[in-house]
Amino acid sequence: MLRMICLMLFFPLSTWAAQDYQHRVEQVLLRTPLIDGHNDLPWEIREHYKSDFVLIDLASDTHHLPVGADQAALMTDIPRLRAGMVGAQFWSVWIPVETQGFQAVQMTLEQIDLVKRMAARYPTDFAMAYTAADIRRIHKSRKIASLIGIEGGHQINNSLAVLRQMYDAGARYMTLTHSTNTPWADSATDSPAHHGLTPFGIDVVKEMNRLGMLVDLSHVAPDTMKAALAASQAPVIFSHSSARALLDHPRNVPDDILPALAANGGVVMVNFAPTYVSAARNQWQADRAAEQTRFNSPPFAGLYIGQPDRAKAALAEWEAQHPRPITTLAQVADHIDHVRQVAGIDHVGLGSDFDGIPDAPVGLEGVDRYPALLEELMRRGWSDADIAKLAGENLLRAMAAAEQVSLKLRDTSQR
């Protein structure tokens, strides 16, 4: 006891508080798997390492890899996943929206194969998961549950049969659109074409319910969000979206959607992308794009059209005069707090978008930094039970509910 008193006198109270938050987070994450809704590592491995695990070793630090034509530093690797106490990860099997038709189906299957090969290559660290129970079981075994999410309805080539085969291949959510509309759903970042979902789009949602595949509303327009919420019998998710009330970006979730999401039992998994988190960063990004166009916008416009070196130098000078605003961990916590305040503690989660974004907020640079975010929320008064819900319990509940809806619908359809 005397030794403890002496230590308390020697160390400032802030140090003890920080150590207490760290310990509390660790205890929560030992019991509850931390589940991230969206990580784009598979595309980075395809793009920079030719989908070849001989060229990239995830068992080592990938943060300081040399950046070149065929290589890129990553936000994700096994040592940092372990340091971040990640319990489960939805790996995005995104492909570009320019890829359509049968080629889109093939490329998606190649990305699914990549995720499975990654899990097979590192069996002491990863295990494939397909249900909420799988996630809990794998977490108890101290491995990282690996799940598959399709990031765009263009990847099923307008076919319910392909959707079913994607589910059989392991996909457990699908984002209804990516950055452009599909023939059956409107994207948040494209001009409205359907004002929500077409009849076929509603059929897609219903079939996803029947299969037990989570409907993901990140990237979709508000009218699509409303139509999907009206059509879905199972909880929906936003796998990587932030709060539009804090930043009026079309990729974020409007406040008027959040009560309907809560009634549905769904979860907003908050995104870390600086342009969706910080209004100052979003404005800077828009200003930079405008300057880039002003300097060089082929084939007919731009002050330095046909002079790429001059255009590059002019943009560099503009950037020197207009430094990129800093985005912080605390701002991400603000978005999490807001979703909690409007939708409720049962309807918020984490969806980083790591390795799908060019940079990350200060303090959240990679997958090792989740505990720091949870500690920040504890400093704001979040209880251990609150942190457990955010970290994984909310997503596990939604996923288990979707599985129960599937069982009911499959049973009914067979009668």
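These lines cover the structure that appears in this document, whether it is placed above or below. (Residues numbered from 1 in each chain as written. Predicted model: local features only at pLDDT ≥ 70, side-chain atom pairs only at ≥ 80, totals over all residues. Heavy atoms only, no water.)

## Focus on helix H12 (residues 279-295)
Quick reminder: α-helices carry 3.6 residues per turn. Residues three or four places apart thus point the same way. Compared with the 24 Å implied by 1.5 Å per residue over 17 residues, the 24 Å span of H12 between its first and last C-alpha is a close match. Of the positions making up H12, those classed as buried are Arg 281, Trp 284, Glu 291 and Phe 295. Burial along H12 is one-sided: seen end-on, the buried residues are contained in an arc of 85°. Packed against the buried residues of H12 are helix H11 (274-277) and helix H13 (308-321). Where H12 begins, the capping side chain belongs to Ser 278, and its oxygen is found 3.4 Å from the backbone nitrogen of Ala 280. (Helix = DSSP H or I, 4+ residues; strand = E, 2+ residues; numbered from the N terminus. Expected span 1.5 Å × (residues − 1). Buried < 20%, exposed > 50% of the residue type's maximum accessible area, 1.4 Å probe, protein only. Arc of directions from axis to C-beta. Contact = heavy atoms within 4.5 Å. Polar contact = N/O pair within 3.5 Å; in protein donor to acceptor, adjacent residues only side chain to side chain.)

## Comments concerning the layout of surface pockets
Of the pockets and cavities examined, the largest pocket occupies roughly 370 Å³. The set of elements that each furnish at least two residues to the lining of the largest pocket consists of helix H3 (41-49), H11 and H12. It is H11 that provides the largest number of residues to the lining of the largest pocket, a total of three residues. For the lining of the largest pocket, a count of residues per class yields seven nonpolar, nine polar and seven charged. Considering only enclosed or pocket space, the second largest pocket measures out at about 180 Å³ in volume. Glu 44, His 63, Ala 73, Leu 74, Met 75, Arg 80, Asp 355, Ile 357, Pro 358, Asp 359, Ala 360 and Glu 365 together form the lining of the second largest pocket. Residues that form the lining of the second largest pocket fall into these classes: six nonpolar, one polar and five charged. (1 Å grid on protein atoms, 1.4 Å probe; cavity = no way out; pocket = protein on both sides within 12 Å on 5 of 7 lines; lining within 4 Å. Points joined across faces, edges and corners; volume = space filled by probe spheres on them. Nonpolar A, V, L, I, M, F, W, Y, C, P; charged D, E, K, R; others polar.)

## Some thoughts on helix H14 (residues 329-343)
When the terminal C-alpha atoms of H14 are compared, their 21 Å separation across 15 residues agrees well with the 21 Å that a helix rising 1.5 Å per residue should span. Gly 344, located one to two residues past H14, shows a positive phi value of around 110°.

## Describing the pairing of strand E4 (residues 144-151)
The buried fraction of E4 amounts to eight of the eight residues, a majority that puts the element mostly inside the structure. Relative to E4, strand E2 (residues 86-92) runs parallel, the two being bridged by five bridges. Within E4, the residue paired with Trp 91 across the bridge is Ile 148. Summarising the sheet, strand E3 (residues 126-128) and E4 pair through three bridges and their orientation is parallel. Its bridge partner being in E4, Ala 127 is matched across the sheet by Ala 145. Between the parallel elements E3 and E4, the chain passes through helix H6 (residues 132-140) in a crossover that is right-handed. Both E4 and strand E5 (residues 171-175) contribute to a ladder of four bridges, which runs parallel. The residue bridging Gly 149 from the neighbouring strand is Tyr 173, located in E5. Taken together, E4, helix H7 (residues 160-169) and E5 form a β-α-β motif whose crossover is right-handed. (Pairing = 2+ DSSP bridges. Right-handed = clockwise from strand over helix to strand, strands pointing away.)

## With respect to the pairing of strand E8 (residues 267-270)
Residues Val 267 and Met 269 point to one face of E8 and Val 268 and Val 270 to the other, with burial holding for every one of them. Note that strand E7 (residues 237-238) and E8 share two bridges and pair parallel. Along E8, the bridge assignment pairs Ile 237 with Val 267. Chirality of the crossover, the property in question, places the unit of E7, helix H10 (residues 258-264) and E8 among those that are right-handed. Inspection of the sheet shows E8 paired to strand E9 (residues 348-350) by three bridges, in the parallel sense. Within E9, the residue paired with Met 269 across the bridge is Gly 349.

## Observations regarding the pattern of salt bridges
All told, the structure shown has 21 salt bridges when counted by the stated rule. Between Arg 117 and Asp 113 there is a salt bridge; the shortest N-O distance is 2.9 Å. Of the two residues, Arg 117 and Asp 113 both sit in helix H5 (residues 101-121), four residues apart, roughly one turn of that helix. Of the residues examined, Arg 117 reaches a relative accessible area of 32% and is grouped as partly exposed. In this structure Asp 113 comes out as partly exposed when scored by relative accessible area, which is 39%. Put simply, Asp 134 and Arg 137 hold a salt bridge, and the shortest N to O gap is 3.1 Å. Here Asp 134 and its partner Arg 137 are both found in helix H6, three residues apart, which amounts to about one turn of the helix. (Salt bridge = Lys/Arg side-chain N within 4 Å of Asp/Glu carboxyl O.)

## Comments concerning the environment of Ala 333
Relative to the helices and strands, Ala 333 resides in helix H14. Judged by its relative accessible area of 0%, Ala 333 falls in the buried class. In this structure the C-alpha to C-alpha distance between Ala 333 and Arg 380, which are 47 residues apart in sequence, comes to 9.4 Å. For Ala 333, the residues in contact, after removing those within four places along its chain, are Leu 373, Glu 376, Leu 377 and Arg 380.

## Considering the nonpolar core
Judged by nonpolar contacts, the single largest core of 92 residues is most densely connected at Leu 58, Met 174, Leu 176, Leu 217 and Ile 336. Ignoring sequence-local partners within four residues, the contact set of Ile 336 consists of Val 270, Val 348, Leu 350, Leu 373, Leu 377, Trp 382 and Leu 390. In this structure, Ala 127, Leu 147, Tyr 173 and Leu 395 belong to the second largest nonpolar core, which totals 23 residues. (Core = buried A, V, L, I, M, F, W, Y, C linked by side-chain atoms within 4.5 Å.)

## Focus on the packing of aromatic side chains
Within this structure, the stated rule accounts for 10 aromatic pairs. Residues Phe 272 and Tyr 370 carry aromatic rings whose centres are separated by 6.2 Å and whose planes lie at 55° to one another, so their mutual orientation is tilted. Linking Phe 272 in the loop between E8 and H11 with Tyr 370 in helix H15 (residues 370-379), this pair joins segments that are 98 residues apart in sequence. Judged by its relative accessible area of 0%, Phe 272 falls in the buried class. When the ring centre of Tyr 167 is taken as origin, the NZ or CZ atom of Arg 172, which lies over that ring, is 3.8 Å away. (Phe/Tyr/Trp six-rings, centres within 6.5 Å; stacked < 30°, edge-to-face > 60°. Lys NZ or Arg CZ within 6 Å of the ring centre and 35° of its normal.)

These results come straight from atomic positions and should not be treated as a statement about function.
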